[in-house]
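As a plain string of letters, each chain reads:
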Amino acid sequence: MNLVFLGPPGVGKGTQSALVAKELGLLHLATGDLLRAAGRAGTKTGLEAKTYMDAGLLVPDEVVNRLVRERMEQGDAEKGVLLDGYPRTTAQALALDATLKALGRVIDGVFDLQAPDAVLVERISGRRTCGKCHAAYHVKFAPSKKGDLCAKCGGALVQRSDDELVTVKARLEVYRKDTAGVSEHYRKSGTYALIDSNRPIDTVTADVLGRAKKLS
Ligand code: AMP
């Protein structure tokens with residue numbers, strides 16, 4: 001099974017994708033995570049991508065399309081993939097169609113997570129990540145039991161540089177301008193479902209899993 005999760009920044013795509021991918025035994029392929037890892041590794045692609053990410057802008061399509069294609073060609077993607085944060089432009093959606101065709105696969109389900117802007121901003125601005133193991137927390141909704149330190153490894157919790165308020169606003173604008181249209185690409189396909197993400201995490205997960213299990 002191959003799934004796509006769409007939605008604005010802060011809607012809970014990362015949280016829900018990780019839970020659903022684990023439950024369904026899919027590879028969780030998050031382009032934001034791939035790009036951040038490339039940035040930390042200091043590769044040419046990673047360093048170039050970081051300049052766009054820090055400004056709240058989209059990394060160029062050809063860079064992201066290549067990373068996704070290379071990752072999907074690896075053996076552990078054969079069990080099925082959950083794409084989180086990709087595609088984010090219509091050009092990426094078309095590139096994904098071509099990649100899937102070349103690999104003889106199809107998209108079985110598209111889940112478009114949505115929540116009001118005020119909720120997105122509150123979720124993003126409280127988000128913290130462990131600088132060491134990258135575990136995710138939220139100061140209000142999912143605080144670490146160790147305060148400013150990671151409950152799993154003791155690393156210091158940090159705010160992602162692109163989660164600061166001014167960058168968040170730019171990211172929401174980019175979403176509206178470039179990404180909201182991607183829903184249209186899938187809406188007619190019969191695989192598309194709009195998900196109300198302004199509900200407790202467990203409720204959203206149960207809703208998505210219930211729908212995904214009917215697809216298989
Ligand atoms: P995320 O972790 O999904 O919120 O992504 C963080 C940042 O990575 C985005 O604001 C973009 O700068 C970049 N990014 C992630 N996925 C994509 C994509 N599919 N296309 C272009 N840029 C991306």
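First, a word on what this report is: a plain description of the structure on this page.

What counts and what doesn't
- Residues numbered from 1 in each chain as written.
- Predicted model: local features only at pLDDT ≥ 70, side-chain atom pairs only at ≥ 80, totals over all residues.
- Heavy atoms only, no water.
- Near = heavy atom within 4 Å.
- Polar contact = N/O pair within 3.5 Å; in protein donor to acceptor, adjacent residues only side chain to side chain.
- Areas by Shrake-Rupley, 256 points an atom, 1.4 Å probe, with all protein chains shown as cover.
- Helix = DSSP H or I, 4+ residues; strand = E, 2+ residues; numbered from the N terminus.
- Nonpolar A, V, L, I, M, F, W, Y, C, P; charged D, E, K, R; others polar.
- Salt bridge = Lys/Arg side-chain N within 4 Å of Asp/Glu carboxyl O.
- Buried < 20%, exposed > 50% of the residue type's maximum accessible area, 1.4 Å probe, protein only.
- Pairing = 2+ DSSP bridges.
- Axes fitted to C-alpha atoms, helices over the stretch in contact; angles between N-to-C directions.
- Contact = heavy atoms within 4.5 Å.

Let us look at the site of the ligand. Near the ligand lie 16 residues; those nearest to it are T31, L57, G85, R88 and Q92. Within the contact set of the ligand, a nitrogen atom lies 2.8 Å away from a side-chain nitrogen or oxygen of T31. Here the ligand loses 95% of its free accessible area of 480 Å² to cover by the protein chains. Broken down by element, the residue count for the shell around the ligand peaks at four residues, all from helix α2 (residues 31-41). Looking at side-chain class alone, the shell around the ligand contains seven nonpolar, four polar and five charged residues.

Turning next to the pattern of salt bridges. Under the criterion given, the structure shown has 16 salt bridges. One salt bridge connects R71 with D76, and the closest N-O pair in it is separated by 2.7 Å. Residue R71 is classed as buried on the basis of its relative accessible area, which comes to 17%. Residue D76 is classed as partly exposed on the basis of its relative accessible area of 34%. Several salt bridges converge on common partners, so that one network encompasses R127, R160, D162, D163 and R171.

What follows is about the sheet that holds strand β7 (residues 157-158). One open sheet accounts for three strands, arranged β6-β5-β7; its pairing is antiparallel. Each of the sheet's edge strands pairs with one partner strand only, and the pair in question is β6 (136-138) and β7. Taken together, the two bridges between strand β5 (residues 127-130) and β7 define a ladder with antiparallel strand orientation. For C130, the partnering residue across the bridge sits in β7 and is L157.

Our next topic: the sheet that holds strand β8 (residues 192-196). Strands sit in the order β2-β3-β1-β4-β8 across an open sheet of five strands; the sheet is parallel. One side of each edge strand has no neighbouring strand; the edge strands of this open sheet are β2 (27-30) and β8. For this sheet, the mean angle separating the axes of adjacent strands, direction not counted, is 20°. Bridging between strand β1 (residues 3-6) and strand β4 (residues 109-114) involves four bridges; their strand directions are parallel. Counterpart to L6 in the pairing with β4 is D112. Strands β2 and β3 (81-84) of the sheet are contacted by α2, whose axis makes an angle of about 70° with β2.

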